Structures are given as structure tokens and as C-alpha cells.
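Structure assessment
Letter by letter, the chains look like this.
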Amino acid sequence: MLCRRHHRAVHEEGYQVSRDAEGALRFAQPDGRALPEVPPPALVIEDPVDAIRNQNKADGLDVTPQTALPYWLGERLDLGWAINALHPLANPIR
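Note that the structure is a prediction, hence the values are computed from the model and not measured.

Our focus in this paragraph is the confidence of the model for the protein chain. The pLDDT averaged across the protein chain works out to 85; a share of 95% of its residues lies at or above 70. Per-element mean pLDDT across the protein chain ranges from 82 in helix α1 (residues 4-12) up to 92 in helix α2 (residues 48-58).

As paired elements, strand β1 (residues 16-19) and strand β2 (residues 25-28) share 4 bridges and run antiparallel to each other. The partner of Q16 across the bridge, within β2, is A28.

Pairing between side chains becomes possible if they bear opposite charge and their charged atoms approach one another. Overall, the coordinates contain 3 salt bridges when judged by the stated rule. For R8, the salt bridge is made with E12, and the minimal N-O distance between the two is 3.0 Å. Here R8 and its partner E12 are both found in helix α1, 4 residues apart, which amounts to about one turn of the helix. Looking at R8, the relative accessible area reads 44%, which means it is partly exposed. The exposure class of E12 is exposed, given its relative accessible area of 58%.

What counts, and at which threshold
Residues numbered from 1 in each chain as written. Predicted model: local features only at pLDDT ≥ 70, side-chain atom pairs only at ≥ 80, totals over all residues. Heavy atoms only, no water. pLDDT = per-residue confidence, 0-100. Helix = DSSP H or I, 4+ residues; strand = E, 2+ residues; numbered from the N terminus. Pairing = 2+ DSSP bridges. Salt bridge = Lys/Arg side-chain N within 4 Å of Asp/Glu carboxyl O. Buried < 20%, exposed > 50% of the residue type's maximum accessible area, 1.4 Å probe, protein only.

Right, here's the structure in full:
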């Protein structure tokens, strides 16, 4: 029982699904290599928003509704500066 996307992957893209001797499913890529195990999803605590606020407070962060407001006055984006600031490897002269 697979969703449409994964059903197509098995039948048209060469992915394989089989059972081992104990009945556990084995998933393989088209070249026969096993697909890696996926870790279980992280547990969601009862009140994640409160937990984030407490962690921010412990880290000395004061997040307010104004925190995300930019100091922008409407001028055009300096793309070269933005790339150099966000991706230091883009600017070899340092």
C-alpha cells in the first residue's frame, strides 16, 4: 500500500520493496543499494511556543513583535553586497 508517488517509483523508476525472513520491509534503490533508515520524528513537547520563549529568555534574546521589522527605507537591494554578506565564499577577496 503505497501512495501514488511511491507506487510509481517502485514500478517505473526501479525502486524495490521486499520482506526479509522476519517479515521486516527492505527498501532498495534502483542500483540495489539499501535505502538508509529514517530516524523517528522528534517528539513535540506539550507547549512548544512556551518552550521556545523560555529558551530565548535563557539565551538572553528579547523577541518582540518589532524584532522582524527591517531597518529598510525603501532603497533598492544591493545584490552584490547581499551575496557577499550571506555567502562569504562568493567574495574571494578577503
